[in-house]
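One-letter residues, chain by chain:
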Amino acid sequence: MDRGQPSLEPAAAAPRASGRCVIAPVRAVLRLRRRVCVLRKRRLLQPGGGPDVGTGAPRPGCSPRAPRADLDQPKFFTFDSPAELPSRTPRKKRRRSRLVLYPETSRKYRPRVEHRSRAQRCLLLLVAIVGFQVLNAIENLDDNAQRYDLDGLEKALQRAVFGQPAAVSRIVALMRDYLATHVHSRPLLLALHGPSGVGKSHVGRLLARHFRSVLEDSALVLQYHARHHCPEARAAQDCREELARRVADVVARAEAEEKTPLLVLDDVELMPRPLLDELHGFLQPQRSHHFHNAIYVLLSGAGGAEVTRFVLQNASRALPLRPDGFRSAEAAAAQAEEDLRASLLAVLSREHPLWQAAAIVPFLLLDKRDVVSCFRDEMAGEGFFPDQARAENLAAQLSFYRVAGREFAVTGCKQVVATVNLL
Ligand SMILES: Nc1ncnc2c1ncn2[C@@H]1O[C@H](COP(=O)(O)OP(=O)(O)OP(=O)(O)O)[C@@H](O)[C@H]1O
C-alpha cells in the first residue's frame, strides 16, 4: 500500500546523504501513512462522503483509538468508552410492553415449557386408557358379584344347610369364578352327589329360590325333576325333545336379558340315557354361544355308595371331613375331599361322558348332631317350640351307622319332615 502511493509526496522520496539513506525513507513512509489517515478521516466526516460514511470502522494502519469524530469533538473527559460511541446512532423507539399486574398469590413468571417427546405422550395416553379399562372391568365384575348377590347366597346356604360346609363353600366358589366373567366358552356344570337325605335337593331348591329373586325373572330358572317330568311310562325321545326345547327357551331368554340362567335337574340318576346325551350336547363348543352362558346343577344319588363308604372309612380320623376351624383339620379335610372327588369322577365317568365336564361336589353323610339341627329347624318351621331335648329324642328314633364312637344317619334328614308332621 505504501509503495503503491509514492506520488502523494514526491519531495520525501528525494535522495539525501549516504548516512541518512535508511532513516529518511522510513520517515517518509511514516509521514505518508499519517497523511493518508488524516485524509481518510476528513473524508469520512464530510456529509455524503462516500460509501464508507457512518461505518465507523478504522482502516488498517490508522490508530484504532482515534474515532472518526475526534477531530471535531471538544477534548474533554466523558464516561463514554470508545466502544460505546457507535451505539449513539439514533435508535428505533422500542414499544414498551404493557405492564401486567399479577395478584399476590399467583405466579409471576410463565411456567417453563417442558419438551416431551411424542412417544412419551403416546405412552402416557396408552397407560391411561389401559388403566381406565382395567378399572372399568373391575367395576363390571363387582357389579356382577352384586347382581347375583353371591355373598348373600353363601350366608343363606350356611344358615340353612347342616353338616355340608365344604360342599357349600365349593358351590359358591365355583359360581363366583364363573360369574366373574361375562363371556364363557362353556356352561358351568355342578354335579351334587351323595346318599339319600343329605340335602342335595334342599340345596337345589335354595339355589333356585335365590336366583329367582336376584334375576327378577322366574322364567330364567328351570327346575326339572326327572321323576316328575319324565316318568318311566313316557318315551325317552319325547322327554329329550321337551328338555331340549325348555333349555333352549331359557338360555335364549337369558341371552336377551343379558343374564345367566340357572337350570336345576334333580334325580339325574333316574334320567334315561338320551336325556343325558342331550345334556351333554348343551356343553359342546359348537353349540350357539348363548348355551355357554348358563349354570346347570345336576342332583344325583349316583355315587352315594362311594360317599358312604368313604365317610365311614375315614370316621376314625379326627374329624377329617369336617373343617371345624383348625387349620390342620381343614387341610386334612381338603385333601380327603379331593380324593373323594377323584374316586367319584372315576365311577361316574364310566356311566356317561357327561360327568367328565362336571365339577363334582360330594355331599357327605350327616351325623346325629346335624339331624338334631334338622329336627329343630323343621319344628320351628311348623310352629313348634324347637326344644333341644325333644329334637334329640326324635333323632334317636332314626337309624345310624356307628363307627369309631360317631353316629351317621343312614337316611340323613329325609324322614325329618314326615316325623315332625306326625307331632
Ligand atoms: N343338610 C341338610 N340341612 C338341612 N336340611 C336338610 C339337610 N339334608 C336334608 N335336609 C332336610 O331333609 C329333607 C330331604 O332332604 P333332600 O331332599 O335334600 O335330600 P336329598 O339329598 O336330595 O336326597 P335324595 O337323593 O333322596 O333326594 C329336605 O327337605 C330338608 O328339609
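What counts and what doesn't
- Residues numbered from 1 in each chain as written.
- Predicted model: local features only at pLDDT ≥ 70, side-chain atom pairs only at ≥ 80, totals over all residues.
- Heavy atoms only, no water.
- UniProt positions renumbered as here; feature names shortened; annotations may be inferred.
- Phe/Tyr/Trp six-rings, centres within 6.5 Å; stacked < 30°, edge-to-face > 60°.
- Helix = DSSP H or I, 4+ residues; strand = E, 2+ residues; numbered from the N terminus.
- Buried < 20%, exposed > 50% of the residue type's maximum accessible area, 1.4 Å probe, protein only.
- Lys NZ or Arg CZ within 6 Å of the ring centre and 35° of its normal.

Identification of the protein as Torsin-4A from Homo sapiens is taken from UniProt. Here is the UniProt Subcellular location comment for the protein, exactly as written: "Membrane". According to its UniProt record, the protein has this under Sequence similarities: "Belongs to the ClpA/ClpB family. Torsin subfamily."

(A) Here's a closer look at the packing of aromatic side chains. Overall, the coordinates contain 3 aromatic pairs when judged by the stated rule. A centroid spacing of 6.0 Å and a plane angle of 35° characterise the contact between Tyr 148 and Phe 211, whose relative ring orientation is tilted. Of the two residues, Tyr 148 sits in the loop between helix H2 (118–147) and helix H3 (150–160) while Phe 211 sits in helix H5 (residues 200–215), which places them 63 residues apart along the sequence. Of the two residues examined, Tyr 148 and Phe 211, each falls in the buried class. Arranged with centres 5.7 Å apart and planes meeting at 15°, the rings of Phe 282 and Phe 291 form a pair that is stacked. Of the two residues examined, Phe 282 and Phe 291, each falls in the buried class. In this structure, Arg 287 packs its charged tip against the face of Phe 291, placed 4.4 Å from the ring centre. Above the ring of Phe 400, the side-chain terminus of Lys 368 is found at 5.4 Å from the ring centroid.

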